[in-house]
Amino acid sequence: SRDIATDRYWPSINGSVGYNYSEAQSAAAGGQALIRPGFTRQYRLGVTLDQMLLDFGKTKSAVEAAQQNANATEIEVGGKLQDLVLNVATQYFTVLREQQNVLINEDNVRNAEAQLVRAQGFYSAGTRAKIEVTQAESTLANAELLLIQARNAELKARANLNTAVGDKEFKDYVLREVMVSSPPITQERALQLAHDLRPDIKAQEARIKASRANVDNSRAQYWPTISASAGYSWADKFFLPQPYNWN
């Protein structure tokens, strides 16, 4: 739309081609009909050039509106790319977190197994009651359940990461952990940057500018448009025609 709006700054060139054919069949003279066979041909060629000289801001405001709308669209595309990067990063760290949860729950299962063996040994030696063995078995069962849930959560996080990066195949891979440090800015500065660089806010600001330009364009419609036009035309009974006229 921006390129279309700027078209009025440039001249427009139009061409025309014409052909006429006429034939005389009869005529009357002294009360008698006279037959006059014959025909005439005429070829015409023409070209015109139109140029807008002054339109009191119509084209300028239209170009400004189109430019701001284009800026808003580009900003929105950049915002979508930022959302994509954020989603991939979020899913990446989610997988790392779930991997750590799996390791923690595996340690819990091993500890629960060790506690069960210990409780069974004390019970066999007659120094502990049966209830302690039962409690150790219950603790082990709960730890194993939590381990299953953690592994399922890791698989789900990996599937979400594959979706975020556009990988259609579910692949088993090991993620390399990356340490991320806090940026060297204050919280107030971070909030100000987030406000100033938010794509949705910048896009809306561009839309507002486009709307103001459309208002200016509507006001400019009250004024006339001044333009110049020039043209050449050729006409003759032979092709290519030779005599020419201009205006």
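Residues numbered from 1 in each chain as written. Predicted model: local features only at pLDDT ≥ 70, side-chain atom pairs only at ≥ 80, totals over all residues. Heavy atoms only, no water.

> Residues and numbers for the overall build of the chain, please.
Counting its regular elements, the chain contains five helices and six strands. Secondary structure of the chain in N-to-C order comes out as α-β-β-β-β-α-α-α-α-β-β. Evaluated residue by residue, the chain yields a buried proportion of 21% over its 247 residues. Of the contacts made within the chain by residues no fewer than 6 positions apart, 72% connect residues no fewer than 24 positions apart. Carbon and sulfur atoms make up 57% of the accessible area of the chain, which amounts to about 18,300 Å² in all. (Helix = DSSP H or I, 4+ residues; strand = E, 2+ residues; numbered from the N terminus. Buried < 20%, exposed > 50% of the residue type's maximum accessible area, 1.4 Å probe, protein only. Contact = heavy atoms within 4.5 Å. Areas by Shrake-Rupley, 256 points an atom, 1.4 Å probe, with all protein chains shown as cover.)

> Provide a residue-level description of unusual backbone geometry, including the pertinent values.
You will see that Phe 56, though not glycine, has its phi angle at about 60°, which is positive. The class for Phe 56 is partly exposed, based on a relative accessible area of 37%.

> Lay out a nonpolar patch on the surface with the relevant residues and their values.
Together, Leu 53, Leu 54, Phe 56, Tyr 222, Trp 223 and Ile 226 line one region of the surface with nonpolar side chains, adding up to about 700 Å² of accessible area. Relative to the helices and strands, Ile 226 resides in strand β5 (residues 226–236). (Patch = residues over 30% accessible without salt bridge, like charges linked within 9 Å, V, L, I, M, F, W, Y side chains within 5 Å. Salt bridge = Lys/Arg side-chain N within 4 Å of Asp/Glu carboxyl O.)

> Go over the nonpolar core with me, naming the residues and quoting the values.
Counting 11 residues, the largest nonpolar core consists of Val 102, Val 109, Ala 112, Leu 116, Ala 119, Val 133, Ala 136, Leu 140, Ala 143, Leu 147 and Ala 150. Examining the composition of this core, we find that six residues originate from one element, helix α3 (residues 130–165), more than from any other. Not counting residues up to four positions away in its chain, the partners in contact with Leu 116 are Val 133, Ala 136, Glu 137 and Leu 140. Counting seven residues, the second largest nonpolar core, distinct from the first, contains Val 95, Leu 96, Tyr 173 and Leu 175. (Core = buried A, V, L, I, M, F, W, Y, C linked by side-chain atoms within 4.5 Å.)

> Run through the side chain of Asn 217, naming residues and quoting values.
When you line up the elements, Asn 217 lands in helix α5 (residues 199–220). Accessibility expressed as a relative area gives 19% for Asn 217, which makes it buried. Among the polar contacts listed, one links the side chain of Asn 217 to the side chain of Ser 61, at a separation of 3.1 Å. (Polar contact = N/O pair within 3.5 Å; in protein donor to acceptor, adjacent residues only side chain to side chain.)

> So what about the packing of aromatic side chains? Which residues, and what values?
Under the counting rule described, the total for this entry stands at two aromatic pairs. When the ring of Phe 56 is compared with that of Trp 223, the centres are 5.5 Å apart and the planes differ by 25°; the resulting orientation is stacked. You can see Phe 56 sitting in the loop between β4 (39–54) and α2 (58–125) and its partner Trp 223 sitting in the loop between α5 and β5, a full 167 residues away along the chain. A cation over an aromatic ring shows up here: Lys 130 above the ring of Tyr 123, its NZ or CZ 5.3 Å from the ring centre. (Phe/Tyr/Trp six-rings, centres within 6.5 Å; stacked < 30°, edge-to-face > 60°. Lys NZ or Arg CZ within 6 Å of the ring centre and 35° of its normal.)

> So what's going on with the pattern of salt bridges? Residues and values would help.
A side chain of one charge can pair with a side chain of the opposite charge if their charged atoms are brought near each other. The full count for this structure, using the stated rule, is six salt bridges. Between Arg 97 and Glu 98 there is a salt bridge whose closest N-O contact spans 3.1 Å. Taking the relative accessible area as the measure of exposure, Glu 98 reaches 10% and is therefore buried. The residue Glu 106 makes a salt bridge to Arg 151 at a minimum N-O spacing of 3.3 Å. With Glu 106 in helix α2 and Arg 151 in helix α3, this pair connects stretches of sequence that are 45 residues apart.

> Quick one: what's the story with the confidence of the model for the chain, residue by residue and with numbers?
Scored by pLDDT, the chain comes out at a mean of 82, with 84% of its residues at no less than 70. Across the chain, the secondary-structure element scoring lowest on mean pLDDT is strand β6 (residues 244–246), at 50, and the one scoring highest is α3, at 92. (pLDDT = per-residue confidence, 0-100.)

> Account for the packing of α2 against α3, naming residues and giving values.
With their axes 8 Å apart at the nearest point, α2 and α3 run at an angle of 165° to one another. Viewed along their axes, α2 and α3 adopt a mutual orientation that is roughly antiparallel. Seen from above, α2 lies across α3 with left-handed handedness. Of the residues belonging to the contact of α2 with α3, the class tally is 22 nonpolar, 11 polar and 10 charged. (Axes fitted to C-alpha atoms, helices over the stretch in contact; angles between N-to-C directions. Parallel < 35°, antiparallel > 145°, perpendicular 65-115°, else oblique. Left-handed = near helix turned anticlockwise from the far one by under 90°. Nonpolar A, V, L, I, M, F, W, Y, C, P; charged D, E, K, R; others polar.)

> Give a description of the packing of α2 against α5 that names residues and reports values.
Contact geometry of α2 with α5 gives a least axis separation of 8 Å together with a crossing angle of 165°. Taken together, the axes of α2 and α5 are roughly antiparallel relative to one another. The two elements α2 and α5 cross, and the hand of that crossing is left-handed. Residues of the contact of α2 with α5, tallied by class, amount to 10 nonpolar, nine polar and seven charged.

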